[in-house]
Amino acid sequence: MNGPVAMNNVSLDVRNMQEVVSRAKEAVALKCHLLTDGIRIEQGSFDTSKVNLTRRHLYDYGTSVPEHEVPYEIILHWVDVATKRLPIVARVRYNKESPWHLVRDGSEQLVINSVTGDRSAVKIREVADFRGQSIMGQPLDSLVQRLGYDLLGLVPTNYCAFYRSGGKCAFCEIVETHDDLIGRTAPYRRSLELLTAASVAAAEQDESVTSITFNGGQLNGLDETVRMYVRLLEMISNHSATESLDKTIACMPPEDWSLIEDLAGAGLNQFFINVETMDEQVLQYMAPKKSEIGLPRMFEGLERSINAFGVGRVYSNLVYGIQTIGSKWPAKWLRASDENAAMLQQAKELLDRRVVPTFTVYHSSGRNSTGPIRLSGDGLFRFTIEYGELVRDSGYIDPARGAVLFSIGSLPNTTYNDGWLLADMATRFHSIESGG
Ligand code: SF4
């Protein structure tokens, strides 16, 4: 008697899962298009007083500057997985030429494609973005950025020794972004006391914050950069509001290998050494100073980091969009199939080294030396799916974590968590389908 009931439940679960997976896929596909095509924002389409606003031109996807406020991100969909509701969130890359348009419809917001007429109901979440507050005499929102809904981001310095010595990465816009935002000033290096106080103040006022990341330029010495992070991590680990936050940094490998152990000892949870590309030639012209450090040394740093942090906690980032520009440099268009194949090959090589690959989706506000590269939303979606399957199948990420890094809602500006989530859902789906 139990048999048919159980089978009915299974078929109901399967139908539900099919529907859930299919709707999540649609949302991730839309996210890919919003990241590659950008979006226009209709004035008055949201309440500017309660949401996290974009404050940097980095993501404007062109040199056009919006005349009105732009939300930082849009929630495209909520996915029901087991007992959790997970958001698919897209960063707003403002582009006044985009076919995608955020509009208000009564009390709701819609994203409408003006060419195809496709419409999707979306939400803009109300979150604290620290406007109107100050810490040690400086505006808190200039020190702490709200990234996604549960992640804090701080930039210790916009100075970069690579940049200053003429070896700036060709995709970098860190100084230009700062100049756009604040006006042309001397490069800054924030005191560790100020960074700690700002981290604590931001974490204390919002319980939904679970993670923190520090990312800035390289200081004059590789070891000096890592020592700065060790000290900063020790300081934030001494405060109850920040000690339990999940902590992540990215920098180049130190000369003194023992500093990697020091990072782990100071409470760091995840460490990135970003190769950007595994192609030596591309690395040479995209990131000349990283090329001087060389891929072999970065790989050694990654291997030593795995000893300190464990498999699944050591990452390297690749830039989606620059891998196959090669002889077409400076390229404005890419063949998505070539780029996807190159990215997947490089992701596999990193996984073979037990390193978790991640990726950023190339963008330019016209302030770097690479300039705009036209990406395909469909191509990015296909890559996102294949990347997700690859990393999910590697088994390096414990499914209980629910994402490759941070949480599914933390990284609206890239799609690696989304791809992994879709692959994880498919794995669960097959398990239910086969009665497992
Ligand atoms: S290391 Fe980072 S901050 Fe320095 S030039 Fe490269 S991308 Fe820019």
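What counts as what
- Residues numbered from 1 in each chain as written.
- Predicted model: local features only at pLDDT ≥ 70, side-chain atom pairs only at ≥ 80, totals over all residues.
- Pairing = 2+ DSSP bridges.
- Helix = DSSP H or I, 4+ residues; strand = E, 2+ residues; numbered from the N terminus.
- Axes fitted to C-alpha atoms, helices over the stretch in contact; angles between N-to-C directions.
- Contact = placed C-beta atoms within 7 Å.
- Left-handed = near helix turned anticlockwise from the far one by under 90°.
- Nonpolar A, V, L, I, M, F, W, Y, C, P; charged D, E, K, R; others polar.
- Buried ≥ 20, exposed ≤ 12 C-beta atoms within 10 Å, placed from the backbone.

Here's the deal with the sheet that holds strand 11 (residues 211–214)
Strand order across the open sheet formed by seven strands is 9-10-11-12-13-14-15, with mixed pairing between neighbours. Edge positions in the sheet fall to strand 9 (144–147) and strand 15 (356–361), since each of these pairs with one other strand and no more. Adjacent strand axes in the sheet meet at a mean angle of 25° when their direction is disregarded. Here two bridges tie strand 13 (residues 270–272) to strand 14 (residues 314–320), and the two strands are oriented parallel to one another. Looking at strand 14, one finds that Phe272 is bridged to Tyr315. Packed onto the sheet, helix 12 (residues 336–352) meets strand 14 and strand 15 and runs at close to 170° relative to strand 14.

Here we look at the packing of helix 8 (residues 258–265) against helix 11 (residues 295–309)
The N-to-C vectors of helix 8 and helix 11 enclose an angle of 35°; their axes lie 9 Å apart at closest approach. As for how helix 8 packs across helix 11, the hand of that crossing is right-handed. Side by side, helix 8 and helix 11 meet where Ile260, Glu261 and Ala264 of the first sit next to Arg304, Ser305, Ala308 and Phe309 of the second. By residue class, the composition of the contact of helix 8 with helix 11 is four nonpolar, one polar and two charged.

Concerning unusual backbone geometry
Positive phi values are uncommon outside glycine, yet Met136 reaches one of about 50°. Assignment of secondary structure puts Met136 in the loop between strand 7 (134–135) and strand 8 (138–139). With a phi close to 70°, Glu276 is a non-glycine residue in the positive phi region. Here Glu276 lies in the loop between strand 13 and helix 9 (280–286). Residue Glu276 is classed as buried on the basis of its C-beta count, with 24 C-beta atoms lying within 10 Å.

In short, geometric facts, not functional conclusions.
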